[in-house]
Amino acid sequence: MSIITTLTRTWLTRTLRPFTFKNEYDQVLPFAECENLGLYVHIPFCKSVCNFCPYCKTLYSKELCDKYIDALIREIRLVGSRQSGKKEATSLYFGGGTPALAADRIGEIIDALSEHFVITEGVGLELHPDNVTPDVLQTLKDAGVTKISVGVQSFRSKFQEILGRKKVDASAMASALAAVPFETVSMDFIFALPGQTYDDLKSDIDAAFSAGANHVAIYPFIEFTFTDSPVPTMPKKEKRALLDAITKYCASKGYARASIWTFTSAPDANYSSMTRDNFLGFGCSATSLFKKQFKINTFDVGSYCERIDSGQLATSLTIRFTKRQRMIYWLFWTAYSTKVKASDFERFFGVPLKKAYGFEFWLAKRLGFFTEEDGVYQMTLKGAFYYHYYENFYTLAYIDKMWGIMRNEAFPKRIEL
Ligand SMILES: C[S@@+](CC[C@H](N)C(=O)[O-])C[C@H]1O[C@@H](n2cnc3c(N)ncnc32)[C@H](O)[C@@H]1O
Ligand code: SF4
């Protein structure tokens, strides 16, 4: 466990108590009382598996994928039927893995969700560049998908080789996207790869917007301990120079920063499954966040299907938050949007932000991480870099540790972070 994350956690949660996840769960989930609820569906299949990727995924087979989706629909009914009427949900995101591999069954999943939820802000779904064909895009659009996100990583073959992926055909992608338009077309890129320069990233961003994207996500490369990627991470100084340069470039082109990692060329383009006060996740490895708890489903496809087939939820671990733990979780993900509104915090927790974390926000302003106007804290360029920097420790201390265990054990007894 990183000393930095332990000290930060102790300071901000005002206790030595770690985040404790236990092998226990509620059969009835408390989402009916949650406002601003997002929905997430995980589809863990890929045609080939990338060695740097930490997500819960397995090799695609039509038979296994169909069996999994049958279980997924059962899980949706199991959870949804425990509330009366339809619950409003802001958004629905399909992540993976590569959910576009199940394009012909996405409509069925959306229909099952629509029996219990009213989705008000559209449906997003992730694709591999190979899936960006007019046929797949049309099937997704007919099913109700309104936003797509394509895992490009880089248009430059040099970096695709480093990542062990194949070259992306930008012009085939552009013509498919022109034939079947979506409200948001996002493209994922990875930055801080060995030898990557400002020009490399700039040309990727330009290529994305000219191939039909109106939103880009630029993820810092993270080396997870349980993956066997040979790619080394870039030193801090170089990384900061690259991130600052690319942020300034996007600003000079008029691309708004929508979150720490994302930029848009259209004001209404958005793609984010993370910045929700509460969310409900379905499928293996999917997480759910409620007012007082966070739960995570098993990572094992076979155990997931077995649990659901026996009429039980596939929850592997649950953490019941203390108030301060929940506040920190909320602040971390709200800050990800680069803006924290004191009024939103008070609405959610019933406590003024100044009373709960007045000193910390004063300090963050003094250190130049935020500016403040009328209770709205806006993250600066410096703040965004340090968020990135800290996020790396957080990922390694929390996500890496948890996912490392969950990949090997379907139902671990307890995890302390
Ligand atoms: C589920 S994948 C996207 C869809 C599809 N499976 C694909 O790869 O094209 C999600 C994204 O996570 C990012 N990602 C995966 N491993 C990463 C790592 N080690 N560090 C940073 N980003 C990573 C990639 O940009 C990838 O596009
Ligand atoms: S990066 Fe995408 S295609 Fe590669 S293993 Fe991860 S989810 Fe699958």
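This one's a predicted model, so the numbers in the text were calculated from it and none came from an experiment.

Parameters and conventions
Residues numbered from 1 in each chain as written. Chains lettered and ligands numbered in written order. Predicted model: local features only at pLDDT ≥ 70, side-chain atom pairs only at ≥ 80, totals over all residues. Helix = DSSP H or I, 4+ residues; strand = E, 2+ residues; numbered from the N terminus. Rg over C-alpha atoms; globule rule 2.2 N^0.38 Å. Buried ≥ 20, exposed ≤ 12 C-beta atoms within 10 Å, placed from the backbone. Contact = placed C-beta atoms within 7 Å. Pairing = 2+ DSSP bridges. Right-handed = clockwise from strand over helix to strand, strands pointing away. Near = placed C-beta within 6 Å. Nonpolar A, V, L, I, M, F, W, Y, C, P; charged D, E, K, R; others polar. Axes fitted to C-alpha atoms, helices over the stretch in contact; angles between N-to-C directions. Parallel < 35°, antiparallel > 145°, perpendicular 65-115°, else oblique. Domains from an automatic or database assignment.

A. A look at the overall build of the protein. Scanning the protein for helices and strands turns up 13 helices and 21 strands. In terms of C-alpha radius of gyration, the protein reaches 21 Å, essentially the compact-globule figure of 22 Å for 417 residues. Each of the three principal axes of the protein carries a C-alpha extent, and together these read 55 × 50 × 40 Å. Across the 417 residues of the protein, 41% fall into the buried class. By sequence separation, contacts in the protein at least 24 residues apart represent 74% of the contacts at least 6 residues apart.

B. Expanded view of the pairing of strand E9 (residues 147–153). Summarising burial for E9: seven of the seven residues are buried, a large majority. Taking every second residue as pointing to the same face, both faces of E9 are buried, with Lys-147, Ser-149, Gly-151 and Gln-153 on one and Ile-148, Val-150 and Val-152 on the other. Two strands pair when backbone bridges link them, and strand E8 (residues 123–127) and E9 are joined in this way by four bridges, in the parallel orientation. Note on E9: the bridge partner recorded for Leu-125 is Ile-148. Each parallel crossover has a hand, and the one from E8 via helix H4 (residues 134–143) to E9 is right-handed. Note: E9 against strand E10 (residues 184–191), five bridges, orientation parallel. In the strand pairing of E10, Lys-147 is matched with Thr-184.

C. The arrangement of the site of ligand 1 in detail. By nearness alone, 18 residues border ligand 1, and His-128, Gly-151, Asp-188, Tyr-219 and Ile-222 come closest of all. Those elements that place two or more of their residues in the shell around ligand 1 are strand E6 (92–96), E9 and E10. Here the shell around ligand 1 is composed, by residue class, of ten nonpolar, six polar and two charged.

D. Seen up close, the packing of helix H3 (residues 103–114) against H4. Running from amino to carboxyl end, H3 crosses H4 at an angle of 5 degrees, the nearest separation of the two axes being 8 Å. Judged on the interaxial angle alone, H4 and H3 are roughly parallel. Residue-level contacts link Ala-103, Asp-104, Ile-106, Gly-107 and Ile-110 of H3 to Val-136, Thr-139, Leu-140 and Ala-143 of H4. Within the contact of H3 with H4, the residues separate by chemical class into six nonpolar, two polar and one charged.

E. Inspection of the environment of Lys-47 at higher detail. Along the polypeptide, Lys-47 turns up in the loop between strand E3 (45–46) and strand E4 (58–59). For the pair Lys-47 and His-128, spaced 81 residues apart in sequence, the C-alpha to C-alpha distance is 9.4 Å. Ignoring sequence-local partners within four residues, the contact set of Lys-47 consists of Tyr-60 and Leu-101.

F. Local environment of the site of ligand 2. Around ligand 2 sit Cys-46, Val-49, Cys-50, Cys-53, Tyr-55, Lys-57, Gly-96, Gly-97, Thr-98, His-128 and Gly-151, and those are all the residues in its vicinity. Looking at the shell around ligand 2, its residues break down into five nonpolar, five polar and one charged.

G. Spatial organisation of the sheet that holds strand E19 (residues 370–373). In space, the three strands of this open sheet follow the order E18-E20-E19, with antiparallel pairing throughout. Strands with a single pairing partner mark the edges of an open sheet, and in this sheet they are strand E18 (339–341) and E19. Ignoring strand direction, the axes of neighbouring strands in this sheet form an average angle of 20 degrees. Pairing of E18 with strand E20 (residues 376–379), which is carried by three bridges, proceeds in the antiparallel orientation. Bridged to Val-340 within E20 is Tyr-377.

H. Seen up close, unusual backbone geometry. The linkage connecting Gly-96 with the following residue, Gly-97, adopts the cis geometry, with an omega of 20 degrees. Not every positive phi belongs to a glycine, and Gln-153 is a case in point at roughly 75 degrees. For Gln-153, a count of 24 C-beta atoms within 10 Å puts it in the buried group. A positive phi is found at Ala-192, a non-glycine position, where the angle reads about 75 degrees. Note that Ala-192 resides in the loop between E10 and helix H7 (198–210).

I. The arrangement of the domain arrangement of the protein in detail. Examined at the domain level, the protein breaks down into domain 1 (1–17 + 323–396) and domain 2 (26–264). Taking only C-alpha atoms, the centre of domain 1 and the centre of domain 2 are 26 Å apart. Opposite the eleven residues of domain 1 that make contact, domain 2 presents ten residues. Across the side of domain 1 that touches domain 2, the residue classes break down as six nonpolar, five polar and no charged.

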